[in-house]
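Geometric and topological summary
The residues making up each chain are set out below.
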Amino acid sequence: MPSIPPPVMPHQPTPVNDVLEALAAQFGPLETSVFRDETRVVVPALKSFEVFRALKARGFDLLVDVSCVDYLEYKGAKHRYGLVYLLASTTTNQRLTIRVFVDDPDPTVRSVVPLWEGANWLEREVWDLFGIRFEGHPDLRRLVMPEQFTAHPLRKDYPLQGRGERHNFPVLTRDDG
Amino acid sequence: MAVGQSQKLELPENVVVSKLDELANWCRKNSLWPMPFATACCGIELMATGASKHDLARFGAEVFRFSPRQCDLMIVAGRVVMKMLPVLQRIWLQMHEPKWCISMGACASTGGVFDTYAVVQGIDRFIPVDMYVPGCPPRPEQLIQAIIDLQDKIQREGTITGREFDTAERQRRKRALVEQSLPITIDASRNPVIQRELADTIQHG
Amino acid sequence: MAIATNEFDSATGGPDGARSEDYLWTLNFGPQHPATHTTLRLVLKLEGERVVDAMPEMGYLHSGFEKIGEHLTFNQYVTVTDRMNYISPMANNVAWHHAVEKLLGIDLTPRCKYIRTIIAELARISDHLLCNGAVGLDTGAFTFFLYAFYQREVIYDIFETLCGARFTNSYTRVGGVSQDFTPLVIEKIRTFVKTFPKTLDDMERLLTRNRIFVDRTKGVGVLTKEEALNRSATGPVARASGVTRDLRRDEPYLAYEDFQFQICCASAGDCYARYLVRMQEMRESLKIVAQALENLPAGAVNVGIDQRTALPTKKQVYSTIEGTISHFELSMSNRGFEVPNEETYGAIEAPNGELGFYIVGDGNETAYRARCRPPSVLHFALFPHLIRGHTLSDVVAVLGSLNIIAAELDR
């Protein structure tokens, strides 16, 4: 039978001020903001791997998500692609959001697969749908779209209905059976 | 008995006279073996139709064999995306004649809510379909009604040799392949079938 | 479990000079196969019956959900979220609107919180029933599967009485839900709460101490705690490996703070542990539903009309000026509610794991980016790690216990 821990009263997520102070001490001032009890830190693309390594050493053992936002049509955006890394710590119950901005042409960021193996497929999906290259990724190829697909569909300049790829297949009739 | 005189034939009770086609149809319709091509949510309703509350076994279609060589009814339940369509076509080709296809749900019939770059806007663009079941997802009762209607269709139109699949009516594709209204460019030069269809449309107006 | 040593030494070769690599063969498992839960593909490299490596491939159901999210309003997109994890669509609806309401800064009424908790827990029971039922079906226990499906039909009946659809309900709205609970719905849920434990006992009697089932699932697909965290597993898959993280307790949302329930964990991390964790979680969910039902607060279910988010009732529209203005503001397409130019992430403990939405708002009613964080992707990525060294028949048991839903996987 599964061992059930004794009932505990629910607790709220812990604030991350100590983590922010440690990051500022190690990497200099970083742009931080808070929105609806969620803390976001902007990290430059060149320092991103060291920051993640430091955060993992501080106890952020769960990489919740790696995703990307294409700011092409966003008012007031300074960069085109904003990578979003959501981290969580199961031991101290803290959450942190790291934003890394990259630009065209050839947006590239160092891969965090050596730190968290879960990032493997998440980064492949970002490459597939947005076209952001991850240096050091062991197996960067398309995940959800077919291998022959050439575009990066979730970019803002790709139309919702596609460019006709979905119609481009042979038709079977009754006499082909 | 002189020539020109008609005589009523007296049959004993255990003799049935019928056309060979009707007998074959009766056998085929009452033992349709479905090939569930379940991709998405409609697949769950398909499983629910086969489960104990809405029992599909009552209509002879209990045997959900997953091998295309053993089935004669393909139920495409759920959306079919670009990556999956060659698989669907290959399975359709592997099924033996006579075979029928039910397109279950809005996504398989027309693309449903997903008018996106990846979803095929109706499988009848690429394989021949006999019965469409609307709904998102259709209730199990709707699917059962579709199977009953397909059974009626088989009884009405079926033949023992499968001649009904050779008619010109069946051969003609029922929907246009090229959507003239959307401003998209299709790489039609790679697809000879589209070229043929385009030539037909231009010729016949 | 060590790979059995082959009688051919790979360096020197066997009697006819064949090396052991020549005996490796590749098996394509899927995407159309009864045991792949809808469309996913595995290319297995086998040495006899033993799996040496597995290369999973997904994308056979990728429909562009995230791109659709950029074209539909918040209340329209909930219909699309239904079609993600279609085994428990209510949980997806709750997750989507949880994230949207976090972005908009809306606080729900107590009645709404309790109602959403009840339906989320019923969805959890429905999901675990199907997952365990599928594990049973794949390992040969057909009766178990039919029992599970019958109970799901009872839950479908409850949902149908509530909002008209068996599943794919699209039940939640921004600021509330689409229909309130009626006395008939409450009666049906009460009956379900009374009769379900007995069925669960019957189901447990079929499989939990069944020698064949235990032999097929114990020690198979072991996931250690470190690997679970490294590979971002969440939900029952992680909890069966010893990770005691459950968002209902760690970051309480809706009304979970008011209820007494336990988090189910195990330490073995194999398929049997995942099966047991899910069975126990169903019992805990039933406890939550019973507590919530008896203490359901009275009052309005949608937020007030001054918030300009939820549609007012007809009586308010026809008799108060505020109601009329609210209705006008919400229904006209060039007006609508205020969305800040910010981004946020909101997650709930879905039956499969942590289901979250990262929403970027840009001022209008349509999200600029709606990213879904799917637990199934990370669980499917776990699969090669779990299956190495096991036999071909274990592939099915492991795949079933991970509860991979293709629509959530591919979106």
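Residues numbered from 1 in each chain as written. Chains lettered and ligands numbered in written order. Predicted model: local features only at pLDDT ≥ 70, side-chain atom pairs only at ≥ 80, totals over all residues.

With that settled, the discussion passes to the environment of His379 of chain C. Residue and element names in this part refer to chain C. Position of His379 among the secondary structure elements: in helix α14 (residues 375-387). Classification of His379 by C-beta neighbours within 10 Å gives buried; the count is 29. Expressed as a C-alpha distance, the spacing of His379 and His71, which sit 308 residues apart in the sequence, is 29 Å. Not counting residues up to four positions away in its chain, the partners in contact with His379 are Ala233, Val237, Leu402 and Ile404. (Helix = DSSP H or I, 4+ residues; strand = E, 2+ residues; numbered from the N terminus. Buried ≥ 20, exposed ≤ 12 C-beta atoms within 10 Å, placed from the backbone. Contact = placed C-beta atoms within 7 Å.)

Do not read the fine detail of predicted coordinates wherever pLDDT is low. In the predicted model, chain C carries a mean pLDDT of 85, and the fraction of residues at 70 or more is 91%. For this predicted complex, the interface score ipTM comes out at 0.88, alongside a pTM of 0.85. (pLDDT = per-residue confidence, 0-100.)

Residues and elements named next belong to chain A. Read across the sheet, five strands follow the order β1-β2-β5-β4-β3 without closing on themselves; strand pairing throughout is mixed. The open sheet has two edge strands, β1 (31-35) and β3 (62-70), and neither has a second partner. Within this sheet the neighbouring strands show an average axis-to-axis angle of 20 degrees, counted without direction. Inspection of the sheet shows strand β2 (residues 38-42) paired to strand β5 (residues 94-102) by three bridges, in the parallel sense. By the bridge assignment, Arg40 is partnered in β5 with Thr97. Contacting β3 and β4 (81-89), helix α3 (residues 119-130) crosses the sheet at an angle of about 5 degrees to β3. (Pairing = 2+ DSSP bridges. Axes fitted to C-alpha atoms, helices over the stretch in contact; angles between N-to-C directions.)

Taken together, the contacts link 49 residues of chain C with 37 residues of chain A. If you list the elements that add at least two residues to the side of chain C that touches chain A, you get α1 (65-68), α8 (225-230), α10 (247-250), α11 (271-294), β6 (343-350), β7 (353-360), β8 (369-373) and α14 of chain C. Of the residues assigned to the side of chain C that touches chain A, the class counts are 19 nonpolar, 14 polar and 16 charged. (Nonpolar A, V, L, I, M, F, W, Y, C, P; charged D, E, K, R; others polar.)

Right, let's talk about the nonpolar core for a bit. Residues Leu87 and Ile132 of chain A, Met74, Val76 and Met104 of chain B together with Phe383 and Val398 of chain C are the most contacted members of the largest nonpolar core, which totals 224 residues. Take this core: its biggest share by element is 15 residues, from helix α4 (residues 110-138) of chain C. Sequence-distant contacts of Met74 of chain B, defined by excluding residues within four places in its chain, comprise Met35, Phe37, Trp92, Met95, Lys99 and Cys101 of chain B. (Core = buried A, V, L, I, M, F, W, Y, C linked by C-beta atoms within 7 Å.)

What follows concerns the packing of helix α1 (residues 20-29) of chain B against helix α5 (residues 140-157) of chain B. Residues and elements named next belong to chain B. Relative orientation of the contacting elements α1 and α5 amounts to 165 degrees, with a least axis distance of 8 Å. Relative to α5, the element α1 is oriented roughly antiparallel. As α1 runs across α5, the sense of the crossing is right-handed. On α5, the residues touching Asn25, Trp26, Arg28 and Lys29 of α1 are Gln151, Ile154 and Gln155. For the contact of α1 with α5, a count of residues per class yields two nonpolar, three polar and two charged. (Parallel < 35°, antiparallel > 145°, perpendicular 65-115°, else oblique. Left-handed = near helix turned anticlockwise from the far one by under 90°.)

Residue and element names in this part refer to chain A. On the secondary structure map, Arg40 appears in strand β2. Distance in space between the C-alpha atoms of Arg40 and Leu160 is 30 Å, their sequence separation being 120 residues. If we skip the residues at most four places from it in the chain, Arg40 touches Ser33, Thr97 and Arg99.

Let us now look at the pairing of strand β1 (residues 34-38) of chain B. Residue and element names in this part refer to chain B. Where burial is concerned, most of β1 is hidden: five out of the five residues are buried. By the alternation rule, side chains of β1 split into Pro34, Pro36 and Ala38 and Met35 and Phe37, which are all buried. Read as a crossover between parallel neighbours, the route from β1 over helix α2 (residues 41-50) to strand β2 (residues 73-77) is left-handed. (Right-handed = clockwise from strand over helix to strand, strands pointing away.)

Let's shift gears to the sheet that holds β6 of chain C. All names here are of chain C. With antiparallel pairing, the three strands of this open sheet are ordered in space as β6-β7-β8. The two strands at the open ends of the sheet, each matched to only one other strand, are β6 and β8. Pairs of neighbouring strands in the sheet enclose a mean axial angle of 15 degrees, with direction left out of account. Pairing between β7 and β8: five bridges, direction antiparallel. Bridge pairing in β8 links Phe357 to Cys372. Its contacts with the sheet put helix α3 (residues 89-104) on β6 and β7, and the angle it makes with β6 is roughly 150 degrees.

For the rest of this paragraph, the subject is the pairing of β7 of chain C. Residue and element names in this part refer to chain C. Burial runs high along β7: eight of the eight residues are buried. Pairing of β6 with β7 involves eight bridges; the strand directions are antiparallel. What sits directly across from Ala347, in β7, is Gly356. Taking the residues that link successive antiparallel strands as the turn, the β6-β7 hairpin has two residues.

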